[in-house]
Structures are given as structure tokens and as C-alpha cells.
Amino acid sequence: IALGLLSTVSAFLVIAPRVYSRMAEDRVLPSFFLFKPGEHPRRVYLFQYLITLLCIAMASFEFILRYAGFTLTVCSLFSVIALFVHREKNTPLRF
């Protein structure tokens, strides 16, 4: 479990700021999350750390594991639903 969590956390640290920045470009998130290519995303890392500290301070370890499991299950469900929707529309998948 520890190795799995370590790889997941490192992936989130690398990928999440880029996802937030892209969502800010699309105006889904505020421009606070936007950073230029080559620029260090300090604000986004700070935001992630604050959320992490809040979760650690306010919840038990068991609750965090259950919430993470539920979130991953829901994301997987939406991914499968999106594939079925694309198949029904007969549109090619674009990555």
C-alpha cells in the first residue's frame, strides 16, 4: 500500500499543476491556477499543500482512504460512461 501511495502522490505532484493550468486556460478554474510554460507552479503547489493539510487535520486516516477509494471509483465510472457515449455518437476518440 505504501509503494502504491508513494507512486500516486508523486504522479499527482507532477500532473496536477498542469491539469489545473489547462483548466484555467479553458476558464473552468480561476486564473490563479494559470502558469506559463517553463514557469514553476508555486501557487498551485501551495494550494495542493493547503488542501492536504486540511484533510489531514480534519479527517481520520480511514475516512481519507474511503473517500479516495470512492473518488477513484466514481472517476472510473465516468470514464466508462464517456466511452459508451462516444460509441453511440460514432465519433472518433481524440486524445
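You'll find the structure just up there.
Quantities reported herein were computed from a predicted structural model and do not represent experimental measurements.

Reading the values: the criteria
- Residues numbered from 1 in each chain as written.
- Predicted model: local features only at pLDDT ≥ 70, side-chain atom pairs only at ≥ 80, totals over all residues.
- Heavy atoms only, no water.
- 1 Å grid on protein atoms, 1.4 Å probe; cavity = no way out; pocket = protein on both sides within 12 Å on 5 of 7 lines; lining within 4 Å.
- Points joined across faces, edges and corners; volume = space filled by probe spheres on them.
- Helix = DSSP H or I, 4+ residues; strand = E, 2+ residues; numbered from the N terminus.
- Nonpolar A, V, L, I, M, F, W, Y, C, P; charged D, E, K, R; others polar.
- Salt bridge = Lys/Arg side-chain N within 4 Å of Asp/Glu carboxyl O.
- Buried < 20%, exposed > 50% of the residue type's maximum accessible area, 1.4 Å probe, protein only.

**So, the layout of surface pockets**
Thinking step 1. Of the volumes computed, that of the largest pocket is approximately 1,300 Å³.
Thinking step 2. Lining the largest pocket are 28 residues, and of these Val 9, Phe 12, Thr 52, Ile 64 and Ala 68 sit closest to its centre.
Thinking step 3. Elements represented by at least two residues in the lining of the largest pocket include exactly helix H1 (2–25), helix H2 (42–58) and helix H3 (61–89).
Thinking step 4. The element that contributes the greatest number of residues to the lining of the largest pocket is H1, accounting for 10 residues.
Thinking step 5. For the lining of the largest pocket, the per-class residue count stands at 24 nonpolar, 4 polar and no charged.

**As for the pattern of salt bridges**
Thinking step 1. According to the stated counting rule, one finds 2 salt bridges in the structure shown.
Thinking step 2. Across the pair Arg 22 and Glu 25 runs a salt bridge whose closest N-O atoms are separated by 3.4 Å. Of the two residues, Arg 22 and Glu 25 both sit in helix H1, 3 residues apart, roughly one turn of that helix.
Thinking step 3. Relative accessible area serves as the criterion here: at 45%, Glu 25 is assigned to the partly exposed category.
Thinking step 4. Close ionic contact of Arg 66 with Glu 62 constitutes a salt bridge, the shortest N to O distance being 2.7 Å. Placement of the pair is Arg 66 and Glu 62 together in helix H3, with a separation of 4 residues, close to one helical turn.

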